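Reading the structure
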Amino acid sequence: MTDASAGLTTSRPARLRRIAQPMRTDSGARPAWPAIAFLFVFFVLPVGALMLRSVTDPHWGLQNFSDLLATGTYARVLFNTFLVAATVTLVSLIIGYPLAWLIVMLPQRWQQLLLAILLMSMWTSLLARTYAWLVLLQRTGIINRGLMALGVIDQPLALVNNLTGVVIGMTYIMLPFVILPLRATLSSIDPSLMHAGAICGASSFRLFRSVLLPLSLPGIGAAGLMVFVMSLGYYITPALLGGTANMMLAELIAQTVQSFLNWGLGAAAALILLCATLVLYAVHMRYLDEDAR
Amino acid sequence: MGQNIKRLIGAAILAIGGAAMAHADDSFTFTSWGGTTQDAQKASWADKFEAETKIKVLQDGPTDYGKFKAMVDSGAVGWDVVDVEPDFAYQAAKMGLLEPLDFNVISKKDIDPRFVFDHGIGSFYFSFVLGYNPTAVGDQAPTTWADLFDTKKVPGKRTFYKWASPGVLEIALLADGVAPDKLYPLDLDRAFKKLDSIKKDILWWGTGAESQQQLASGEAPLGMFWNGRIYALQKDGAPVDALWDQNLATADFLVVPKGSKHKEAAMKFIALATGAQGQADLANATAYAPINLKSEPLLNKDLVPLLPSKHAETQITLDLNYWAEHRDEIGKRWYDWQAK
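Residues numbered from 1 in each chain as written. Chains lettered and ligands numbered in written order. Predicted model: local features only at pLDDT ≥ 70, side-chain atom pairs only at ≥ 80, totals over all residues.

**Things to note about the overall build of chain A**
Here is the rule we go by: Per the convention used, a helix needs a DSSP run of H or I reaching at least four residues, while a strand needs a run of E reaching at least two, with both numbered from the N terminus. Placing C-beta atoms from the backbone, we regard two residues as in contact once those atoms come within 7 Å.
In terms of helices and strands, chain A carries 13 helices and zero strands. Ordered by position from N to C terminus, the α and β elements of chain A give α-α-α-α-α-α-α-α-α-α-α-α-α. Counted over contacts in chain A with a minimum sequence separation of 6, partners at least 24 positions apart contribute 75%.

Written as structure tokens, this is what we have:
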């Protein structure tokens, strides 16, 4: 009797769970269908059609890919694209991490104020913000004039129309995408862990290295990946703040399509970028999975 | 119930479709570059055309050649009259992307013969001039294209048009001493060699607004500019000057994409736009020159000396047939060189 009742009490929730599980996933997936259908029709299909053109336009074959790789330009631009994206990601993380930590540490009211400033910058037109940097950074701009008036430099620094300009402008635009996810990660870390470490006599650097940094790694990974992938496809900011020697892939693709009317070649260039991004994403997912395990 | 709703939706779709069709019959789409130029085109041409014909002119922009070709290729042509750059007009005609113009509707009798061909007619004509900022160049004002390549005589950055298009290579060759009548076919090796000599001192402008920003701020104290942009800066009181010696003239063209669904209205519109009055109105608003030779008496008197047509003695007309033939080849080399 006791055995039977014990069997009943344990088996009932198990059975219920078994019944409940498919129901839950079913009802969970259903609201997502319109969104998935929307993405399929307005994103997957057009992108797929464009990618197809890389092997069909002007005729079947891989000629677009061999054209792309025939000159050094594409390889150079591709390398430059990854260089810029990696630099921007690194600088954004270095600046964004302490900022995110600061926001978490501040009292609620200040947190909200800082977040509001952060979000407000995202509402302003990208073009306007990029032009603003141009005005600040150029040889006759405020920064150079100020430094020269102070006697720090006697020749204007080349801050724009080169890699420096691109990295400054893009880092500024990417910062919210680092700070927001990092803030979420950092604020979910239990402060008592830090207290415990401090009580045990860890220096603040040791606390950061052994407690905070390892616990916030998933956030750093997610933020870094997002910024890196977004940076890969950037167009306006590098076009305005970079020189022609810092061309990024998005601009090359636009040029191929708009100037040479060569959709096939543009599609091939885009396909390579897409594949590179997907590979990175896959690597990241694998790494994150292992991290979770 | 379900049936009723379906019927209702069906009727609504038909009604919307019908409205769109009716709408389409008395409207067409004009596409240009946006900004002050398109505003002036709307005021000078579209508003008058609407008042005269009751056909509505929908504005779109900016012109995008990739989109242009995609529209024609797919047969879903949403543009009817498009303002394009000259080298594209000639190349597009060659590629079969354009409708031939109907010269029974459009009169080409008074049109400057340099700016009309089977598939396109000038929208306005302009010159590349050497523009400079007198306060930024100091007492060493440039006097020839050669000074643009002489960083010892006139120090500072110089700004050039960024895209592969008629102009920069011609300027490099003129600066290197090539006679204007010997420019074509372009000696590309020589032109790129000349450009190499100042490559690190070049800033590029991709849009007219960018060129104005660079010159007015003194970021680039000198460079090549569209004359209309210099005029607009002067009107705003910016300290800039233009050198007209060996100004390089070319025109934007109005074209009709192949497969346009409103060809008839498009031709009528082009007739108005290229008429003496339409061209004079646009010139008065922009300081680009009229391509209609009968427009001059209708121009503002104080504007006339500032128009490219008043600097015709030393003017050089860019060879668009040459460019149509070599646009792709030059473009590839151009962007390779730029990215190096």
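Now, onward.
**Here's the deal with the overall build of chain B**
Test applied: Here the globule rule reads 2.2 Å times residues to the power 0.38, and the radius of gyration is calculated from C-alpha atoms. Counting other C-beta atoms within 10 Å of each residue's C-beta, where C-beta atoms are placed from the backbone, gives the exposure class: buried for 20 or more, exposed for 12 or fewer, partly exposed between.
Each helix and strand in chain B was counted, giving 13 helices and 10 strands. Over its C-alpha atoms chain B spans a radius of gyration of 22 Å, differing by no more than 12% from the 20 Å that the globule rule assigns to 340 residues. Here the C-alpha coordinates of chain B stretch approximately 85 × 45 × 35 Å along the principal axes. For chain B, buried positions account for 46% of its 340 residues. Of the contacts formed within chain B by residues at least 6 apart in sequence, a portion of 72% connects residues at least 24 apart.

**Section: the confidence of the model for chain B**
Residue and element names in this part refer to chain B. Under the convention used in this document: Each residue gets a pLDDT score, which is the predictor's confidence in that residue and runs from 0 to 100.
When the pLDDT values of chain B are averaged, the result is 90; 93% of them are 70 or greater. Note on residues 8-24: pLDDT is under 50 here. Beyond four places in sequence and across chains, it has zero contacts. Overall fold confidence for the complex sits at a pTM of 0.79, while the interface term, ipTM, reaches 0.73.

**Some points on the packing of helix H2 (residues 35-53) of chain B against helix H11 (residues 263-273) of chain B**
Geometrically, a packed helix pair is captured by the angle between its two axes and the distance between the axes. Residue and element names in this part refer to chain B. To keep things clear, this is the line we draw: Fitted lines through C-alpha atoms give the axes, limited to the stretch in contact for helices. The angle between two N-to-C directions lies from 0 to 180 degrees. Orientation categories follow fixed angle ranges, with anything under 35 degrees roughly parallel, anything over 145 roughly antiparallel, 65 to 115 roughly perpendicular, and all other angles oblique. Whether a crossing is left-handed or right-handed is set by the direction in which the near helix is turned from the far one by less than a right angle, anticlockwise for left-handed and clockwise for right-handed. All residues other than Ala, Val, Leu, Ile, Met, Phe, Trp, Tyr, Cys, Pro, Asp, Glu, Lys and Arg, Gly among them, are scored as polar; the first ten of these are nonpolar and the last four charged.
Axis separation between H2 and H11 bottoms out at 10 Å; the angle between their running directions is 120 degrees. If you check the angle between H2 and H11, you find them oblique. The handedness of the crossing between H2 and H11 comes out as right-handed. Note on element contacts: H11 touches H2 through Lys268, Phe269, Leu272 and Ala273, opposite Trp45, Lys48, Phe49 and Thr53. Taken together, the residues of the contact of H2 with H11 sort by class into five nonpolar, one polar and two charged.

**Quick look at the interface of chain A and chain B**
Tallying the contact residues gives 19 residues for chain A and 20 residues for chain B. Residue classes in the side of chain A that touches chain B are distributed as eight nonpolar, nine polar and two charged.

**Topic: helix H10 (residues 204-232) of chain A**
Residue and element names in this part refer to chain A. Worth spelling out the cut-off: Multiplying 1.5 Å by the residue count of a helix minus one yields the expected span of that helix. What the bend at a residue measures is the angle between two axes, fitted to the seven residues ending there and to the seven starting there.
Helix length check: H10 (29 residues) gives 36 Å between terminal C-alpha atoms against 42 Å at 1.5 Å per residue, more than 12% under. A bend of about 50 degrees at Leu217 is the largest found in H10, and the proline Pro218 appears one to four places after it. Looking at H10, one finds that the buried residues are Ser216, Gly219, Ala223, Gly224, Leu225, Val227, Phe228, Ser231 and Leu232.

**Describing the nonpolar core**
Cut-off, in case you're wondering: Here, a nonpolar core denotes buried Ala, Val, Leu, Ile, Met, Phe, Trp, Tyr and Cys residues that are linked to one another through C-beta atoms within 7 Å.
Ranked by internal contacts, the top residues of the largest apolar core, which has 86 residues, are Phe124, Tyr125, Ile171, Val255 and Ile270 of chain B. Residue contributions to this core peak at eight residues, all from strand S5 (residues 120-132) of chain B. Discounting chain neighbours no more than four positions away, the residues touching Ile171 of chain B are Trp145, Leu148, Met224 and Leu248 of chain B. With 54 residues, the next largest nonpolar core counts Ile179, Ile253, Trp263 and Leu271 of chain A among its residues.

**A short note on unusual backbone geometry**
Omega for the bond connecting Asp57 of chain A with Pro58 of chain A falls within 30 degrees of zero, at 5 degrees, which places this linkage in the cis form. Considering the arrangement of structural elements, one finds Pro58 of chain A in the loop between helix H2 (33-56) and helix H3 (63-70). Pro185 of chain B follows Tyr184 of chain B through a cis peptide bond whose omega is -5 degrees. Secondary-structure assignment places Pro185 of chain B in the loop between helix H7 (168-175) and helix H8 (188-196).

**A short note on the pairing of S5 of chain B**
All names here are of chain B. Going by this rule: Paired strands, in this sense, are two strands between which DSSP finds at least two bridges.
Counting buried positions along S5 gives 13 out of 13 residues, so the element sits mostly inside the fold. Here two bridges tie strand S4 (residues 116-117) to S5, and the two strands are oriented antiparallel to one another. Opposite Phe117, over in S5, you have Gly120 as the bridge partner. As defined by bridge partners, S5 adjoins strand S9 (residues 241-255) across 10 bridges and the pair is classed as antiparallel. Bridging from a neighbouring strand, Phe128 pairs with Leu248 of S9.

**Examining the packing of H2 of chain B against helix H12 (residues 276-286) of chain B**
Residues and elements named next belong to chain B. Relative orientation of the contacting elements H2 and H12 amounts to 145 degrees, with a least axis distance of 9 Å. For H2 against H12, the interelement crossing comes out right-handed. Side by side, H2 and H12 meet where Thr37, Ala40, Gln41, Ala43, Ser44 and Trp45 of the first sit next to Gly278, Asp281, Leu282, Ala285 and Thr286 of the second.

**Some points on the pairing of S9 of chain B**
Residues and elements named next belong to chain B. Across the 15 residues that make up S9, a large majority, 11, are buried. Two elements, strand S3 (residues 81-84) and S9, share three bridges in a ladder whose sense is antiparallel. The residue of S9 that forms the bridge with Asp83 is Leu254. Relative to strand S10 (residues 316-317), S9 is paired through two bridges, and the arrangement is parallel. Bridging across to S10, Leu248 finds its partner in Ile316.

**A closer look at the environment of Thr244 of chain A**
Assignment of secondary structure puts Thr244 of chain A in the loop between helix H11 (236-241) and helix H12 (249-258). Take Thr244 of chain A: there are 20 C-beta atoms within 10 Å of it, and that puts it in the buried class. Separated by 83 residues in the primary sequence, Thr244 of chain A and Asn161 of chain A place their C-alpha atoms 7.9 Å from one another. If we skip the residues at most four places from it in the chain, Thr244 of chain A touches Trp204, Gln338 and Ala339 of chain B.

**Things to note about the confidence of the model for chain A**
Mean pLDDT over chain A: 85, with 88% of residues reaching 70 or higher. Below a pLDDT of 50 lies the segment residues 1-24 of chain A, which in the model reaches zero contacts outside its immediate sequence neighbourhood of four places, other chains included.

**Quick word on the environment of Lys42 of chain B**
Residue and element names in this part refer to chain B. Among the structural elements, Lys42 can be located in helix H2. A residue is classified by how many C-beta atoms lie within 10 Å of it, and Lys42, with 17 of them, is partly exposed. Separated by 17 residues in the primary sequence, Lys42 and Gln59 have C-alpha atoms spaced 8.0 Å apart. Leave out the neighbours within four places in its chain, and Lys42 touches Asp47 and Gln59.

**Some remarks on helix H9 (residues 208-217) of chain B**
Residue and element names in this part refer to chain B. Definition in use: By definition, the arc is the one covered by directions from the helix axis to the C-beta atoms.
Where H9 is concerned, the buried positions are Ser211, Gln212, Gln214 and Leu215. Viewed end-on, H9 has its buried residues packed into an arc of 165 degrees, placing them on one side of the element. Where the residues of H9 are buried, they touch S5, strand S6 (158-161), strand S7 (202-205), strand S8 (222-226) and helix H10 (227-235). Two residues or fewer past H9, Gly218 is found with a positive phi of approximately 85 degrees.

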